[in-house]
Amino acid sequence: MTPAPRRTHHAAPPREDVLAAVMATVAERGLDGLTMAGLGREVGMSSGHLLYYFRTKDELLLQTLEWSERRLGAERSGLLARPGTARGRLEAYIDLYLPAGHRDPHWTLWLEVWGRSQNADDDARARQAAIEGVWHRDLVALLAEGISRGEFRPVDADRFAARLRALLDGFSIHVTVGIPGTGREQVLAQAAEFLDETLTPGSSKSGATSVTTAY
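Owing to the predicted nature of the structure, the values given are computational and were not obtained by experimental measurement.

*Asks:* Outline the side chain of Gln-128, listing residues and values.
*Replies:* Looking at the secondary structure, you find Gln-128 in helix H7 (residues 122–148). What makes Gln-128 buried here is its relative accessible area of 8%.

*Asks:* Before we move on, could you go through the nonpolar core and cite the residues and values that matter?
*Replies:* Counting residues in each nonpolar core, the largest one holds 55 residues, and the members touching the most others are Leu-39, Leu-90 and Leu-143. Broken down by element, this core gets its largest block of residues, 8 residues, from helix H4 (residues 57–81).

*Asks:* Describe in detail unusual backbone geometry, supporting the description with residues and values.
*Replies:* In this structure, Arg-55 is a non-glycine residue whose phi angle is positive, near 75°. The topology assignment puts Arg-55 in the loop between helix H3 (47–54) and H4. A residue is classified by how much of its surface remains accessible, and Arg-55, at 58% relative accessible area, is exposed. The residue Arg-103 is not glycine, and still its phi comes out positive at about 65°. Secondary-structure assignment places Arg-103 in the loop between helix H5 (86–97) and helix H6 (105–116).

*Asks:* Outline the confidence of the model for the protein chain, supporting the account with residue identities and numerical values.
*Replies:* In this model, the protein chain carries an average pLDDT of 89, and 88% of its residues clear a pLDDT of 70 or more. Below a pLDDT of 50 lies the segment residues 1–9, which in the model reaches 0 contacts outside its immediate sequence neighbourhood of four places, other chains included. Contacts from residues 206–215, a stretch scored under 50 in pLDDT, to residues over four places away or in other chains number 13 contacts.

*Asks:* Pulling in residues and values, what's your account of the packing of aromatic side chains?
*Replies:* This model, assessed by the stated rule, comprises 8 aromatic pairs. The interplanar angle of 80° and the centroid separation of 5.4 Å between the aromatic rings of Tyr-93 and Trp-135 together place this pair among those described as edge-to-face. Residue Tyr-93 is found in helix H5, and its partner Trp-135 is found in helix H7; the two are separated by 42 residues along the sequence. Plain terms: the ring middles of Tyr-97 and Trp-135 are 5.0 Å apart, the flat faces sit at 75° to each other, and that makes the pair edge-to-face. Taken together, the residues Tyr-97 in helix H5 and Trp-135 in helix H7 connect sequence positions 38 residues apart. Of the two residues, Tyr-97 and Trp-135, both sit in the buried class. Three or more aromatic residues joined by ring pairs make a cluster, and in this case those are Tyr-93, Tyr-97, Trp-107, Trp-110, Trp-114 and Trp-135.

*Asks:* Summarise the packing of helix H1 (residues 15–29) against H3; cite the residues concerned and give the values.
*Replies:* To describe two helices that pack against each other, one gives the angle between their axes and the distance between the axes. Taken N-terminus to C-terminus, the directions of H1 and H3 make an angle of 110°; their axes are 12 Å apart at the nearest point. Between H1 and H3, the crossing angle belongs to the class labelled roughly perpendicular. When the axes of H1 and H3 are compared, the crossing they make is left-handed. In this structure, H1 uses Arg-15, Val-18 and Leu-19 to contact H3, whose residues at the interface are Leu-50, Tyr-53 and Phe-54.

Cut-offs and rules
All residue numbers refer to position in the chain's written sequence, counted from 1. Only residues with pLDDT of at least 70 get local features here, since the model is predicted, and only at 80 or more are side-chain atom pairs given and counted; chain-wide, interface and lining totals rely on the full set of residues. For the side-chain quantities, the full set of heavy atoms in the structure was used; hydrogens and water were omitted. Strands here are runs of E lasting at least two residues and helices are runs of H or I lasting at least four, both read from the DSSP assignment and numbered beginning at the N terminus. The rule is simple: take the accessible area with a 1.4 Å probe, protein chains only, and divide by the maximum for that residue type; under 20% is buried, over 50% is exposed, in between is partly exposed. Residue types Ala, Val, Leu, Ile, Met, Phe, Trp, Tyr and Cys, when buried and joined through side-chain atoms within 4.5 Å, form a set referred to as a nonpolar core. pLDDT is defined as a per-residue confidence score from the predictor, taking values between 0 and 100. By definition in these notes, contact holds between two residues if any of their heavy atoms fall within 4.5 Å. When the centres of two rings from Phe, Tyr and Trp lie within 6.5 Å, Trp using its six-membered ring, the rings pair. Their planes under 30 degrees apart give stacked, over 60 give edge-to-face, and anything left gives tilted. To get an axis, fit a line to the C-alpha atoms, keeping to the stretch in contact for a helix; angles then go from 0 to 180 degrees between the N-to-C directions. The scheme is simple: roughly parallel for angles under 35 degrees, roughly antiparallel for over 145, roughly perpendicular for 65 to 115, oblique for anything else. For a crossing to be left-handed, the near helix must be turned anticlockwise from the far one by less than a right angle; the clockwise case is right-handed.

So this is what it looks like as structure tokens:
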């Protein structure tokens, strides 16, 4: 009797490979081109197998964003630790923060996760807040250093960081969706002008964001 052929077990690819494939798909075809079936074909898994590991597409997108943020976080830590002026490192922080251009995959993914967060559970919202939190804390620390060294005028670092990130978020959305007149280079110039006006000691518009102790 001829023995029955042995079944070959196909191990699932490492989770990081799946997340990298998601980001590559978003970069190449946008979010409309990302389907569980298509992703499964890309990584050699069935859509059901993907759902076994990630449960929902929302969870897959959030894990991909967290993976991308960890990579950015390592880069951010390196640039903040390098020698040089606080202003120079602040400009490098902003350069890293902003999207690379129209349809930047990281920012495209961020916008999608933000949109879905209205109906997200508490765990997902806490994980999104954690991503925001590390960017904010690093910026506050950098601002505090610049203030202590006399490079920046004295401001409330936490409040200023919140305002600066809100400005960068707004510009980043414009760059990502491709609104005319808000290309990356134009936004970098606008951000530099904002820093000159609000952080440079003795600047003419420095009173616009002075420390506020009461409302």
